Amino acid sequence: MSNGMKFAGQVVAYAVFMALIGYLSTSPAYTHLADDKAMIKLSFAHYGKTVGECRERTPEELARLPPNMRTPMDCPRERSPITIELDLNGEPVFATVLRPSGLSRDGMAYIYEGFEVPAGRHELEVRMRDDVTTEGFDHVKTVQVELEPAHLLVIDFRAERNAFMLSR
Amino acid sequence: MSNPLRNLAYRPLRRVEDWYGYAFGQDQNPFTYLGAITIYLFWIILVSGLYLFIFFEMNVTGAYHSVEWLTHEQWYLGGVMRSLHRYASDAAVVAILLHVAREFLRNRYRGPRWYSWFTGVPLLWMLTLLGITGYWLVWDELAQYIAIGSAELLDAIPIFTDPMARNFLTNEALSDRFFTLMAFLHLLGIPIFLILGIWFHVLRVVNPKINPPRSVMAGTLIALLALSLVKPAVSHEFADLGMVPTRLNLDWFYLAIYPVMDLTSPQFVWGLLAVGTVLLAALPWLPPEKKQPAAEVHLSQCSGCTFCALDCPYGAITLVDHISEDKKRSHKEAVVDPSMCVSCGICTGSCPQATPFRKHDPLATAIDLPQFSLRHLYATVEDNLSKAEERPRIVVYGCDHGVAVETLDMPGVATVSLPCTGLLPPSTIEYNLREERADGVFITGCCSGDCQYRTGNTLVEERIEGKREPRLRARVDRSRIRVRWASVNEARTLRSEIQAFANDLKASSVGGPSDDAQSKQATGRQAAGGDHV
């Protein structure tokens, strides 16, 4: 093979390599969310209510405890599991029961879920039960929302306000 | 994978390799320098990355705008550096994937080579993480998609309780601390582990090829620069956590796992990665391979010359003090570590005792392969030469990994296949050419720079050229020796070259009566084609 041919061959070889890199570095384009879709994310970190009531320890019980652990009240650590449900336009789209974190089930319960929905007007209802000692849902929020294409609606629960909050 | 199946799978890649070999020359074929090219690409990534870091602002809004400024306002340098940084990173993925595929298909990952294969697996992870963290730092829509995807992936590991993805729920929730963490990982943490990983990867390789040929380095850089100018790397829109990225121009070399996760689940991706990693790491033992016996040292013959230890491409031979019977240290002696020996026989070729001109009967060498001894070699050559009656008579030495020597059989040709041509002691060539045993010696084997055992063909050349011990004596007529390294696809070409060699020998009247007289006549003669040495 002549030097000219070799040089031409090298140019072609590099061109093929660079074409592959140049193409796959950006193409084919990936559609993560269709143009007519929006997204709802339901996410919060929340402490359920404690499962049992505190009670006063008897003098005998206190005497049996080491001196540094003789607190007069005996409070259960375990917290309620949290029931969460989400309806969209009257149809249930999500329902689950979240277990509190931690070995003693005394930590927060967490959720992070995303739902693709058609863009447009929707009625949302989100319900939460965080106390097993009572009946029914403790927190309910129903709201009409207008979702633009590609918009993200976040449903959060803020402990300081003790209510669901929506942010867009 | 069985060898026929492996060869079948390797065939398409070998065709591409051969084509690159024609264009670049066999000794500069980029396919034989894939590991070295990857390291070279890391240098480009490092230099371009350092330049970008000078201008990079490590906070949520500053990051995007500083990269945009570099891309558009300082396109002639900053923009080019950014593109070089990206494309060199992508090229590194291609080079590594080809490197892995090639070593697998050529069966160069088992036995003593398990170490390099095994230590290469974490490098794949590090490279991927380096790429992902790099895209994260731009903080555009693509970075947003990667950040949320990565957080969701990590959240799928049951050890985390508080979902990390909650940090990317709203623009207000986002913290600059993530940029500090990502910048630390991308600029310092992962690169340090990567360098350490590369060091481990080549630790057992004697004289590893760290740099590709200069022409390949220059060509690669020019090609990357050209691509950077033709298609500059650009960002997506600024990340907005209130919106969901819709259409993304993904870098498929690094980010393909995210669409897979969208289609399936984070758990599926973890499963895929875990199974893939374990399978890849375990490949050297799947299925267990029957190991060839390691080279054996015959201490009675060993003079402690060190040639075998110097030539062994896997560092399997060390020299230790020889303790004589009277407990005195006299000289050194070779010791073979069987766990490192690949049974190539290069050590036999390097042994100065492996010569038929010694007065030692039977023929003996200080280091030998039990399954392909020096005695077996001589017996095979003698036997095959006795069947080749036509003149000129040519001994063709090939190797088990190059063109199958049986396909080169023709009248007057005696073929011998060696485990590696590096096994051939130079004195054997001289012996073959003496006393009309043969009129010429033709040596072939794996392509130049691409020996199955790394250095066999280079060592043969250097020994014949007199550049390396044991040397082929100067009195041997070099025009009666021809060396031609070839791809396994080049059987037809080799046959033509052997025929041409025979014609040259005939024309120079070698193959006639007196060998010594011919030697004198032929000294300094050069025939057309092939590589004379």
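All figures in this text were calculated on a predicted structure; none of them were measured in a lab.

Caption draft 1: The overall build of chain B, seen in detail. Tallying secondary structure elements over chain B gives 18 helices and ten strands in all. For chain B, with 533 residues in total, the buried portion stands at 43%. A fraction of 74% describes how many contacts in chain B between residues 6 or more apart in sequence connect residues 24 or more apart.

Caption draft 2: Fine view of helix H17 (residues 491-507) of chain B. All names here are of chain B. Between its first and last C-alpha, H17 extends 24 Å over 17 residues, near the 24 Å set by a 1.5 Å rise per residue. Leu494, Glu497, Ile498, Phe501, Ala502, Asp504 and Leu505 are the residues of H17 that are buried. Projected onto a plane normal to the axis of H17, the buried residues spread over an arc of 160° and lie on a single side. Looking at H17, the residues exposed on the side facing more than 90 degrees away from the buried face are Arg492, Ser496 and Ala507. Looking at the packing, one finds that the buried side of H17 touches strand S6 (394-399), strand S7 (413-418), strand S8 (440-445) and strand S9 (481-485). Positive phi shows up at Ser509, right after H17, with a value of about 60°.

Caption draft 3: Spotlight on the interface of chain A and chain B. Taken together, the contact pairs 35 residues of chain A with 37 residues of chain B. Those elements that place two or more of their residues in the side of chain A that touches chain B are helix H1 (3-24), strand S1 (30-31), strand S2 (37-46), strand S7 (109-118) and strand S10 (152-158) of chain A. For the side of chain A that touches chain B, the element with the highest residue contribution is H1 of chain A, accounting for eleven residues. Looking at the side of chain A that touches chain B residue by residue, the classes come out as 18 nonpolar, 13 polar and four charged. As judged from the two bridges shared by S1 of chain A and strand S1 (residues 247-248) of chain B, these two strands associate in the antiparallel manner. Residue Tyr30 of chain A lies in a different strand from S1 of chain B, and its bridge partner there is Leu248 of chain B.

Caption draft 4: The UniProt feature "transmembrane region" (unreviewed entry) in chain A, seen in detail. UniProt's feature table lists "transmembrane region" (unreviewed entry) at residues 12-33 of chain A, given in the numbering used throughout. Taken as a whole, residues 12-33 of chain A contains 59% helix and 9% strand, while its terminal C-alpha atoms sit 38 Å from one another.

Caption draft 5: Examining the nonpolar core more closely. Residues and elements named next belong to chain B. Within the largest apolar cluster, 93 residues are counted, with the highest numbers of intra-cluster contacts made by Leu41, Ala88, Ala143 and Ile146. Residue contributions to this core peak at ten residues, all from helix H2 (residues 34-55). Once you skip the residues sitting within four places of it in the chain, Ile146 turns out to touch Ile132, Tyr135, Trp136, Leu255 and Tyr258. Grouped together as the second largest cluster of nonpolar side chains are 65 residues, Ala334, Ile394, Leu408 and Leu433 included.

Caption draft 6: A look at the pairing of strand S6 (residues 91-98) of chain A. Residue and element names in this part refer to chain A. In the sheet, strand S5 (residues 82-88) pairs with S6 via seven bridges, with the strands oriented antiparallel. If you follow Thr83 over to S6, its bridge partner there is Val97. Between S5 and the antiparallel strand that follows it, S6, lie two residues; Asn89 among them carries a positive phi value of about 55°.

Caption draft 7: Representation of helix H4 (residues 75-105) of chain B. With 31 residues, H4 of chain B ought to run about 45 Å at 1.5 Å a step, and its terminal C-alpha atoms sit 42 Å apart, in line with that. Just downstream of H4 of chain B lies Asn107 of chain B, where phi reads positive at about 60°.

Caption draft 8: Highlighting unusual backbone geometry. A cis amide bond links Ser27 of chain A to the next residue, Pro28 of chain A, at an omega of -5°. One can find Pro28 of chain A in the loop between H1 and S1. With an omega dihedral of -15°, the bond running from Leu286 of chain B to Pro287 of chain B counts as a cis peptide bond. Relative to the assigned elements, Pro287 of chain B resides in the loop between helix H11 (266-282) and strand S2 (296-297). You will see that Asn162 of chain A, though not glycine, has its phi angle at about 55°, which is positive. With respect to the helices, strands and loops of the structure, Asn162 of chain A is situated in the loop between S10 and strand S11 (163-167). Unusually for a residue other than glycine, Glu436 of chain B sits at a positive phi of about 60°. Counting through the fold element by element, Glu436 of chain B comes out in the loop between helix H15 (426-433) and S8.

Each value, and the rule that gives it
Residues numbered from 1 in each chain as written. Chains lettered and ligands numbered in written order. Predicted model: local features only at pLDDT ≥ 70, side-chain atom pairs only at ≥ 80, totals over all residues. Helix = DSSP H or I, 4+ residues; strand = E, 2+ residues; numbered from the N terminus. Buried ≥ 20, exposed ≤ 12 C-beta atoms within 10 Å, placed from the backbone. Contact = placed C-beta atoms within 7 Å. Expected span 1.5 Å × (residues − 1). Arc of directions from axis to C-beta. Nonpolar A, V, L, I, M, F, W, Y, C, P; charged D, E, K, R; others polar. Pairing = 2+ DSSP bridges. UniProt positions renumbered as here; feature names shortened; annotations may be inferred. Core = buried A, V, L, I, M, F, W, Y, C linked by C-beta atoms within 7 Å.

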